[in-house]
Amino acid sequence: MADEQVRIAREKFACPACGGEAVWSPAKGKLVCPFCGTESLAELAADGVLVEHDLAAALRAIPDAARGFAAATRQVRCQSCNAISVLDPSRQAQNCAFCGSAQLVPYEETKPAFTPESVLPFRRSETEARDGIRAWYGRLWLAPSRLKSRALTDTVRGVYLPYWTFDAQVEADWTADAGHYYYETETYVVNGQTRTRQVQRIRWEPAAGHASHFFDDDLVCASVGVQPALVRGIEPFPTHDAKPYDAGYVAGWVVERYQIDLVGAAQRARAAMDAKLRALCAQQIRGDTYRNLVVHAAYSRQTFKHTLAPVWLLSYTYGARRFQCLMNGVTGAVRGEYPKSPWKIALLVLAILIVVVIVMSFARS
C-alpha cells in the first residue's frame, strides 16, 4: 500500500489566539482551543437547507461532485474489526477507536466516499459520557465486582458514526381473513361425571383495506466498528435537529467511513419499511386475530441522505473477551455489553429455586 494517503474528511480550524487546532466542544457548542481555551469564531453552516436526494437517480449514478468530505485527511483500517477511521493528517492514531486494537494500516479507496449531507453535533460532553457510563455500570448487578471498580471510563472516545436516512411515501392495498372469537359449550365426562366447559372457536371473514404512510428519516447505520444490537439500543437520533454538514462540527473527532454502501442500505431500509407497513396493515384488521395477510405496496417520493451521528464509545477487554459500551451523543441513551459473574448467576438461580420451593410448599398446604 502506498505511503501517500488519500482523501478525506475534515478541515483543520486554527485558534485565532495561539494558532493551535481548535476542536468542536459539545458543552459549549463552539470551536474551542484545547491549548489556550479560546473560543473560535469560525462560522458553521447551521442555517443551510438539507437536501433530500432522489434515491432512484442516485442508485443509477452519483456525480463526483457529491463525493469527498471537503478537505484532505487520511484514513486507516483496523485489521481487527475492519472499521475505517477518518483522521486529521497530523494525527497519528495508536489504537482503533472502536476495538482498541493497535493493528492499524493505511487505507486507500478506489473512489471517494459520498459527502455527508448533514451532521448531528455532540451535545453530551465527555464528562457527561463518563458519568453516564459509570452510572450504567452501577446498575449491572450480575457484573463482576472488579469490573465496577476499574477505571474503564478512562478509555471513552467520541466518534461520528455514518448513517443513511431514507424517506418514502407508500400506498398499500391489503387483504386478509379476519378472525373473531366466539365460545361454545362443550360437554365431556371425567371419572364418570358429566361436565361442561367453554371452548374458543374462530369465525373467519374476508377483510380488505388501504394504508397510506410516509416514512421519514428511517435510519440505517453504515458502521462495522460497533455492534449492531448496541447501536439499535441507543437509537433513535433526533435527525430533524441535524445541521448541514460543515467540517467544523467534526473538527478534532474521529469519523468512521461508511462500509454499507447506498445500495445495501437501501435494501435494508426497504425491508424494514415493508415490515413496518405490514404491521400497520395488520392493525387495521378488525377482529381478534387474522391470517393470510397480503399487502400490495407502491412506493414513491423515495429520497435519502448521508449523515453523521455522534456516539461516545468505550471498548475494553475483560479476561479474554472484548466488550463495547455506547452512549448516544445527543440523547445520552446507554447500551453496552458486559461480563457476567458466574458466582452471582449461581446465587440468582439458587434464590429462584428457593422461591419456587416456598411457593410449592404453600400450594400443598
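Owing to the predicted nature of the structure, the values given are computational and were not obtained by experimental measurement.

Peer 1: Talk me through unusual backbone geometry; I want residue IDs and the actual numbers.
Peer 2: Residues Glu-235 and Pro-236 are joined by a peptide bond in cis, for which omega reads 5 degrees. By the element assignment, Pro-236 lies in the loop between helix H4 (228-234) and strand E12 (243-244). One non-glycine residue, Asp-217, lies in the positive phi region at around 55 degrees. Mapping Asp-217 onto the fold places it in strand E11 (residues 193-221). Backbone geometry places Arg-301, a non-glycine residue, at a positive phi of 50 degrees. Along the chain, Arg-301 turns up in strand E14 (residues 289-318).

Peer 1: Tell me what's going on with the packing of aromatic side chains, and back it up with residues and numbers.
Peer 2: Summed over the entire model, instances satisfying the criterion amount to 11 aromatic pairs. Centroid distance Tyr-160 to Trp-253: 6.3 Å. Interplanar angle 80 degrees. Geometry classified as edge-to-face. Of this pair, Tyr-160 sits in strand E10 (residues 157-190) while Trp-253 is found in the loop between E12 and strand E13 (254-256), placing the two residues 93 residues apart along the sequence. On the accessibility criterion, Tyr-160 (0% relative accessible area) is buried. Taken together, the ring pairs in this structure connect Phe-122, Tyr-160, Trp-253 and Trp-312 into an aromatic cluster. The ring of Trp-204 has Arg-291 lying over it, and the distance from NZ or CZ to the ring centre is 4.0 Å.

Peer 1: So what about the nonpolar core? Which residues, and what values?
Peer 2: Counting residues in each nonpolar core, the largest one holds 32 residues, and the members touching the most others are Tyr-160 and Tyr-316. Elements represented by at least two residues in this core include exactly strand E2 (21-25), helix H2 (126-138), E14 and strand E15 (321-328). Of all the elements, E14 adds the most residues to this core, at 5 residues. Among the nonpolar cores identified, the runner-up in size contains 29 residues, and Val-170, Ala-172, Trp-174 and Ala-176 belong to it.

Peer 1: Give me the lowdown on the pattern of salt bridges, citing residues and values where you can.
Peer 2: Two side chains that carry opposite charge are able to pair once their charged atoms sit near each other. Summed over all chains, the structure comprises 10 salt bridges. For the salt bridge of Glu-126 with Arg-130, the shortest nitrogen-to-oxygen distance reads 2.4 Å. Taken as a pair, Glu-126 and Arg-130 lie in helix H2 at a separation of 4 residues, close to a single helical turn. The exposure class of Arg-130 is buried, given its relative accessible area of 19%. The residue Glu-186 makes a salt bridge to Arg-201 at a minimum N-O spacing of 3.9 Å. Here Arg-201 lies in strand E11 and Glu-186 lies in strand E10, a separation of 15 residues in the sequence. Here Glu-186 falls in the partly exposed class, since its relative accessible area comes to 26%. Residue classification places Arg-201 among the partly exposed residues on the basis of a relative accessible area of 32%. Among the ionic contacts, a cluster of salt bridges with common partners joins Glu-184, Glu-186, Arg-197 and Arg-201.

Rules and cut-offs
Residues numbered from 1 in each chain as written. Predicted model: local features only at pLDDT ≥ 70, side-chain atom pairs only at ≥ 80, totals over all residues. Heavy atoms only, no water. Helix = DSSP H or I, 4+ residues; strand = E, 2+ residues; numbered from the N terminus. Phe/Tyr/Trp six-rings, centres within 6.5 Å; stacked < 30°, edge-to-face > 60°. Buried < 20%, exposed > 50% of the residue type's maximum accessible area, 1.4 Å probe, protein only. Lys NZ or Arg CZ within 6 Å of the ring centre and 35° of its normal. Core = buried A, V, L, I, M, F, W, Y, C linked by side-chain atoms within 4.5 Å. Salt bridge = Lys/Arg side-chain N within 4 Å of Asp/Glu carboxyl O.

Distances and angles like these do not, on their own, reveal function.
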